[in-house]
Structure formats: structure tokens, C-alpha cells
Amino acid sequence: MNMYCRTTADAESSLWWQRAVIYENHLPSFRDGNGDGIGDLVGLTMSLDYLSDALGVDAVWVGPFYRSPLLDQGYDISDHCDVEPVFGTMADFDRLIVEAHLRSIRVIVDFVPNHTSDQHPWFVESRSSRSNAHRDWYVWRDPAVGGGPPNNWTSEAGGSVWELDDLTGQYYLHSHLIEQPDLNWRNAEVRGAMLDVLRFWLDRGADGVRIDVAHMLMKDPEFRDNPVREIPEVNEYDLQHADFATQHHINDRGHRDVFDVLREIRRVVDCYPDRICIGEIEGMPWADWAKYFGEQLDVLHMPFAFRLIETPWQAGALADEVDAMLDAAPADAWAVLALGNHDRPRLASRLGQAQARVAAIMLLTLPGTPTLLYGDELGLEDQPVPAERQRDRFARMVGGVSRDPTRTPMPWTSGRNGGFSEADERLLWLPISKRLTEVAVSTQIEDDSSSLALYRRVLALRRRSPALTSGAYRRLVPVTPNEDVWVYERGVGEERKVVALNFGQRWQRTEVITGGEVVVSTVLGREGRAVAERLELAPNEAVIVNTGAAHHRTESK
Ligand code: NOJ
Ligand code: CA
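A.B. asks: For this particular structure, what's the right way to read the overall build of the protein?
C.D. replies: In terms of regular secondary structure, the protein is built from 17 helices and 22 strands. For 557 residues, the compact-globule formula gives about 24 Å, and the C-alpha radius of gyration of the protein, at 24 Å, lands near that figure. In terms of its C-alpha atoms, the protein occupies a principal-axis envelope of roughly 75 × 50 × 50 Å. Taken over 557 residues, the protein has a buried fraction of 60%. A fraction of 70% describes how many contacts in the protein between residues 6 or more apart in sequence connect residues 24 or more apart. Accessible area of the protein: about 20900 Å², with a carbon and sulfur share of 50%.

See the structure below:
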């Protein structure tokens, strides 16, 4: 029996999370329940029917709603065990859990262990004197010999990770904003306090946690410099500050001791039946990613496979990455997949509307648990946010990049404020999409050709298809390699589904020897057609075909 458990973990865990589709709600931008212009827990609860019935997802990842100065959208926490009044009350959270569970929706909350807000009482204490009992709860270092920061580490938000605190003459570490000091996970009291935070939310009914920057909890204990990159490596699909790209981040994160603390977290989660921990870990080589499961599958239930977000949108490149991911994963490991999130450019802006539909089919049919960012089901695009309306403090750093364009409000209707809020437009958390009529849920739900209709069809199919949720994955190698087409099969028992994705602008012919029927297509009017031998793929078309065992050949017309 696990020494951390107060209850016995359920050995017959249902593995619900392997069949689930997770929806990333971004709380301040999802739905405003009290008319102040900011999304909240009541608004999310009001939207559960949309998630369960209209869309058909299985879990919602809420986003941080804890007490916070909101400089980093709530990832700067000043009290882990209370609700930020802007987002509601503890009773609102409890009601969310009850209402979600009534609809068979699981609720995943953020667990933000790497840092707190500088307003957190622990940090207020810690910075008050070198001898304070909380001093070692954060990472304090003397200036380098000759002055200046203790080492060269750069922050994701820009600049050095070190901030000099004049009161005590030492620097503290902040891997993100200056106002987000890093906790010292090598301190046993910190670990104990944070594990209590975890228990607090699991006791209140959370079905799992998404661990923020899980790979960052442990740093090099000697605080050695990161090697400098001769050529900065900027990933166009990430929105980090350019300073971050100037070095190899090998000492400020991912120290091998991180697996021990993640295992401690996992042991707490495992004391609660059917709860999960998902880890946000940055894109990294697959062999490193695989370590986050643990050889005994005792670290994270599911680490995010962020390399897929960062891979160029090309059929062959993505197919190769998926092969490499599956090869690296330990036996019985299960990935959590995403093609976008609240830190990245919107899928429809990055790929274009037509390819965003191809991405929908891909994400919902690959082996793993898909995570959708709110609004991606509508093809919501990035929208520039005027400087005076920006919320993301990362953007205020010199050279900083704003993630606000990704985070604009969910457009529910084509009416006032997109049905997001009753407040005056100037009070809205962020401005509403300029393409409101096209993107609104109310418009798209009536339109079979819409992005929302496509998501609904695929999600409905997934629900009744064991092959698509848990079937084995097999890449079908074209006889004539074609860089625009990726075809794979998911199969279990007698059920076979072939997924064919056309990344290009030309018609393609794909030979599917045993035939079948197109059950979903990104192109209206092409569903239901029989596939005898040749499947014709229109430009930007992706299809799911019901078929027997298959292999295929692809050629350009
Ligand atoms: C990752 C979160 O996704 C991001 O939004 C946040 O700014 C950082 N972690 C810091 O918590
Ligand atoms: Ca509100």
C-alpha cells in the first residue's frame, strides 16, 4: 500500500482518460456568468450542455481560477486554496463539479507547482529577511563574483531569470515573470505544502490535474550556466521571448531529479480512484519525453506531446514524428495530444481554415487523448489586440510577445459581445472576434459545412468507434511516396478505420485495396461515397473511411 494514501487506489481504474477528448476552456475568455465582462466558473457551468451534448467532449480542463493578481492569466497564484473573486466562489467550483459530473464530464484543474505570485504570503515572508522561516522556500542566490546575476539563465518571458532584491542583497529565481518567483522543490516543506494543495482540489472532486511546466521543477543544484546557442533557435509555433532562444536550456529545467518529485505527485494522485495527472512539458526529443511516463508508468499518466505542435505542417514530417513518438513510448503508455493551446498561435491562423479542418481529423484520430483549445472547433483565428487592451504581462517585457490574440472570447452568438458577456464592450476581458457572424456557435450549429459541424461529426463517430479511440495505429506507406498525403489505419477486432489526410492544394488519388465507405470528410457532400479501389482526395481534404484491412498507393493527378 502506498505510504501517501489515505484511501486505497482503485486497482480497476477505468482508464477513462484514454478514451476521452479534453476541452481546454480558458476561464476569463469562455463565458461571463455575472456580467462583469470576464469569464468565470458560473459561465463555464452554464456552458456544460454545449460541451457534453452539442460538441461531445468528455473532460474540461478549467484553467487557473485561484487567487491571483492575474498578471499571467492566473498562473501567478497568491493563494492556492481559494478562488479568485473575479472567477467566482468555492461554492461555484463545487457546483461546477456536481453539474459536470451529472453530464459525465470530468473536470481537470491546473496544478502550478513551479512558481507562485510574488504576492503569495510564502514569498512575502521569504523576501522579508535572510533568516525568515520561508527563506528557503524560494531560490535565493548571492550575486555572481564581481556582481550581477548568479548565472546566465534566460526567462521565457524575456531577460534574466534573476531579480535582485535590494532588501537582502540576494537574487531570487523567476523562470517566467519577475512577479512569479520559483518555489524551491528541493525543500521538503515546499513539497509537503504543495502536495497538500493537490489533495485539497482532489478532495473537492477534481478528476485530475494538468501540471504546469512539469519539467521545470528541478534545476541544476549547482546553478551552472546554460550553454549559449550560436544560432538562436526560434520555433515559429511558440510564442516565447526571443531571449529564451539564445541558449540551450539544459541546466534551468529537466534535471533528472524532476522524476522523483513528479513521482511524489503521482503517488498522491493515485490515492484517489480514477484521477489523472497530465504534464505540460515542453517539446523535446521523444526519448526524453518518454521518461516522463516512468519505466514503471509511475510518473505522469500523460505528458503532452508538444513536439507535434512544433513540427512543420507537412504530411511526411508529422507522420515521422508520430512514428518516433510511438516507438519511444514505453509499453502501455498513452500520450496526450494537442495541436494548439493558450500559449500558441491559433490553429486556423497558423494553418489556414481549410487545413485547420484537416488538423481536426488528424487530432481526433491519432492514438492518444486529444485536447482541443476552446474556439478551435469554430476555426477561431488570432486577433490582434490593441496595446491598451492587452492582458498578458509577458507582452510588456522589452521585446515581449503577447498571447492575447489567441485568447479572445468564445463567440457564442452573432449578437452583442458574441453572447460572451452582458457587460459594456470596453469592459470585456479581451475584444470579441471581428468575424463574429461567421464564427459564432449559433451560426455554425445550423450549417452542415461549418467547422463546428465537422467537429461534431468526428466526435460522434469517435464515441462509437473503439478503433478510433483505442485501436492500434498503423501508418500505410504509399507505394508512390507523396509528400502531401498521410494515410493511416486504426483498428481493433474486426473494426478498421482508414484516415487519409491531404495536406496539399492538388487532387490526390489513394488506392485503398479493400474498399469501404467515407464516413467523414472535411469537404461537404463527399461523405457516404463508396471507395472501391481508389479514394480521390480533394485539395485540403481529410477523410475517415470505414474499411477492412487496407494498404494503399498514392499518386498526383
Ligand atoms: C505554462 C502556461 O501554459 C503559460 O500560460 C504560463 O505563462 C506559464 N506556464 C507559467 O505558468
Ligand atoms: Ca464574470
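There's more to say after this.
A.B. asks: So what exactly am I meant to see when it comes to helix α11 (residues 315-328) here?
C.D. replies: An α-helical segment advances 3.6 residues per turn. Residues three or four places apart therefore align on the same side. With 14 residues, α11 extends 20 Å between its outermost C-alpha atoms, agreeing within 8% with the 20 Å of an ideal straight helix rising 1.5 Å per residue. Residues of α11 that are buried include every one of Ala-315, Leu-318, Ala-319, Glu-321, Val-322 and Met-325, and no others. The buried residues of α11 occupy an angular sector of 160° when projected down its axis, which confines them to one face. In this fold, the buried residues of α11 make contact with α9 (286-291), α10 (307-310), β12 (336-338), α13 (353-365), β14 (472-475) and β15 (485-492).

A.B. asks: Sorry if this is basic, but what is going on with the coordination of the calcium ion (ligand 2) here?
C.D. replies: Within the protein, Asp-32 (OD), Asn-34 (OD1), Asp-36 (OD), Ile-38 (O) and Asp-40 (OD) serve as the donor atoms for the calcium ion (ligand 2), at 2.2 to 2.3 Å. Along the chain, the residues that donate to the calcium ion (ligand 2) are spaced as D-x1-N-x1-D-x1-I-x1-D.

A.B. asks: What is the right way to read the nonpolar core from this model?
C.D. replies: Soluble globular proteins tend to bury their nonpolar side chains together. Counting residues in hydrophobic clusters, the biggest one holds 137 residues, and the most contacted among them are Tyr-50, Phe-65 and Trp-486. Apart from residues no more than four positions distant in its own chain, Trp-486 is found in contact with Ala-315, Leu-318, Ala-319, Val-322, Met-362, Leu-366, Tyr-473, Arg-475, Val-499, Ala-500, Leu-501 and Phe-503.

A.B. asks: Can you walk me through the side chain of Asp-110 in this structure?
C.D. replies: Within the secondary structure layout, Asp-110 lies in strand β5 (residues 106-111). For Asp-110, a relative accessible area of 2% corresponds to the buried category. Here the side chain of Asp-110 touches Trp-61 through a polar contact of 2.7 Å, side chain to side chain. Polar contacts involving the side chain of Asp-110 include one to the side chain of Tyr-75, which spans 3.1 Å. Apart from residues lying up to four places away in sequence, Asp-110 is in contact with Trp-61, Gly-63, Pro-64, Tyr-66, Tyr-75 and Arg-210.

A.B. asks: Can you walk me through the packing of helix α4 (residues 48-55) against helix α16 (residues 451-463) in this structure?
C.D. replies: In helix packing, the relevant descriptors are the interaxial angle and the interaxial distance, both defined with respect to the helix axes. Between α4 and α16, the shortest axis-to-axis distance is 9 Å and the interhelical angle comes to 70°. If you check the angle between α4 and α16, you find them roughly perpendicular. For the pair α4 and α16, contact is made by Tyr-50, Ser-52, Ala-54 and Leu-55 and by Leu-452, Tyr-455, Arg-456, Leu-459 and Arg-463, respectively. Residues that form the contact of α4 with α16 fall into these classes: six nonpolar, one polar and two charged.

A.B. asks: What should I look at first to understand empty space enclosed by the protein in this one?
C.D. replies: Regions of empty space are outlined by a rolling probe, equal in size to a water molecule, passed over the atoms. All chains considered together, the criterion is met by four cavities of 30 Å³ or more. Approximately 40 Å³ is the volume attributed to the largest cavity. As for the largest cavity, its lining consists of Tyr-66, Ile-77, His-80, Asp-110, Phe-111, Val-112, Val-197 and Trp-201. Among the secondary structure elements, those contributing two or more residues to the lining of the largest cavity are β5 and α7 (188-203). Looking at the lining of the largest cavity, its residues break down into six nonpolar, one polar and one charged.

A.B. asks: Looking at this model, I keep getting lost on the pairing of strand β10 (residues 276-279). Mind explaining?
C.D. replies: Remark: a regular strand shows side chains that alternate across the two faces of the sheet. Of the two faces of β10, the one holding Ile-276 and Ile-278 and the one holding Cys-277 and Gly-279 are both buried throughout. Summarising the sheet, strand β9 (residues 208-211) and β10 pair through four bridges and their orientation is parallel. The partner of Ile-211 across the bridge, within β10, is Gly-279. For the crossover that starts at β9, traverses helix α8 (residues 258-269) and ends in the parallel β10, the hand is right-handed. Both β10 and strand β11 (residues 302-303) contribute to a ladder of two bridges, which runs parallel. Its bridge partner lying in β11, Gly-279 is registered against Pro-303.

A.B. asks: What's the story with the site of ligand 1 in this structure? I'm lost.
C.D. replies: As a structural note, the neighbourhood of ligand 1 is formed by 13 residues, with Asp-72, His-115, Asp-212, His-342 and Asp-343 the closest of them. In the model, an oxygen atom of ligand 1 is placed 3.0 Å from a nitrogen or oxygen of the Arg-210 side chain. Contact with the protein chains hides 98% of the accessible area of ligand 1, taken as 290 Å² for the molecule alone. Among the detected pockets, ligand 1 sits in the largest pocket. Considered class by class, the residues forming the shell around ligand 1 number three nonpolar, three polar and seven charged.

A.B. asks: Explain the packing of aromatic side chains to me, please; I cannot follow it from the model alone.
C.D. replies: By convention here, two paired aromatic rings are described through the distance between centres and the angle between planes. Applying the stated rule across the entire model yields 26 aromatic pairs. Residues Phe-123 and Tyr-172 carry aromatic rings whose centres are separated by 4.9 Å and whose planes lie at 70° to one another, so their mutual orientation is edge-to-face. Here Phe-123 is found in helix α6 (residues 121-126), whereas its partner Tyr-172 is found in strand β8 (residues 170-173), with 49 residues between them in sequence. Taken together, the ring pairs in this structure connect Tyr-23, Phe-30, Tyr-50, Tyr-374 and Trp-412 into an aromatic cluster. Directly above the aromatic system of Trp-412 lies the positively charged group of Arg-31, at a separation of 3.9 Å from the ring centroid. A cation sits over an aromatic face here: Arg-346 above Tyr-374, 4.7 Å from the ring centre.

A.B. asks: Whenever I open this one, the environment of Ala-460 confuses me. Can you help?
C.D. replies: Locating Ala-460 in the fold gives a position in helix α16. Separated by 368 residues in sequence, Ala-460 and Asp-92 place their C-alpha atoms 30 Å apart.

A.B. asks: Just checking my understanding: could you explain the sheet that holds strand β16 (residues 495-502) for this structure?
C.D. replies: Hydrogen bonds between backbone groups are what pair the strands of a sheet, and the pairing can be parallel or antiparallel. With antiparallel pairing, the six strands of this open sheet are ordered in space as β14-β15-β16-β21-β18-β19. The open sheet has two edge strands with one neighbour each: β14 and β19 (530-531). Across four bridges, the pairing between strand β18 (residues 516-521) and strand β21 (residues 542-546) is antiparallel. Residue Val-520 lies in a different strand from β21, and its bridge partner there is Ile-544. Contacts from α11 reach β14 and β15 within the one sheet, and its direction differs from that of β14 by about 140°. Contacting β15, β16, β18 and β21, α13 crosses the sheet at an angle of about 150° to β16.

Rules behind the numbers
Residues numbered from 1 in each chain as written. Chains lettered and ligands numbered in written order. Predicted model: local features only at pLDDT ≥ 70, side-chain atom pairs only at ≥ 80, totals over all residues. Heavy atoms only, no water. Helix = DSSP H or I, 4+ residues; strand = E, 2+ residues; numbered from the N terminus. Rg over C-alpha atoms; globule rule 2.2 N^0.38 Å. Buried < 20%, exposed > 50% of the residue type's maximum accessible area, 1.4 Å probe, protein only. Contact = heavy atoms within 4.5 Å. Areas by Shrake-Rupley, 256 points an atom, 1.4 Å probe, with all protein chains shown as cover. Expected span 1.5 Å × (residues − 1). Arc of directions from axis to C-beta. Donors = N, O, S within 2.8 Å, 3.2 Å for Na, K, Ca; no water. Core = buried A, V, L, I, M, F, W, Y, C linked by side-chain atoms within 4.5 Å. Polar contact = N/O pair within 3.5 Å; in protein donor to acceptor, adjacent residues only side chain to side chain. Axes fitted to C-alpha atoms, helices over the stretch in contact; angles between N-to-C directions. Parallel < 35°, antiparallel > 145°, perpendicular 65-115°, else oblique. Nonpolar A, V, L, I, M, F, W, Y, C, P; charged D, E, K, R; others polar. 1 Å grid on protein atoms, 1.4 Å probe; cavity = no way out; pocket = protein on both sides within 12 Å on 5 of 7 lines; lining within 4 Å. Points joined across faces, edges and corners; volume = space filled by probe spheres on them. Pairing = 2+ DSSP bridges. Right-handed = clockwise from strand over helix to strand, strands pointing away. Near = heavy atom within 4 Å. Sits in = over half its atoms within 2 Å of the grid points. Phe/Tyr/Trp six-rings, centres within 6.5 Å; stacked < 30°, edge-to-face > 60°. Lys NZ or Arg CZ within 6 Å of the ring centre and 35° of its normal.

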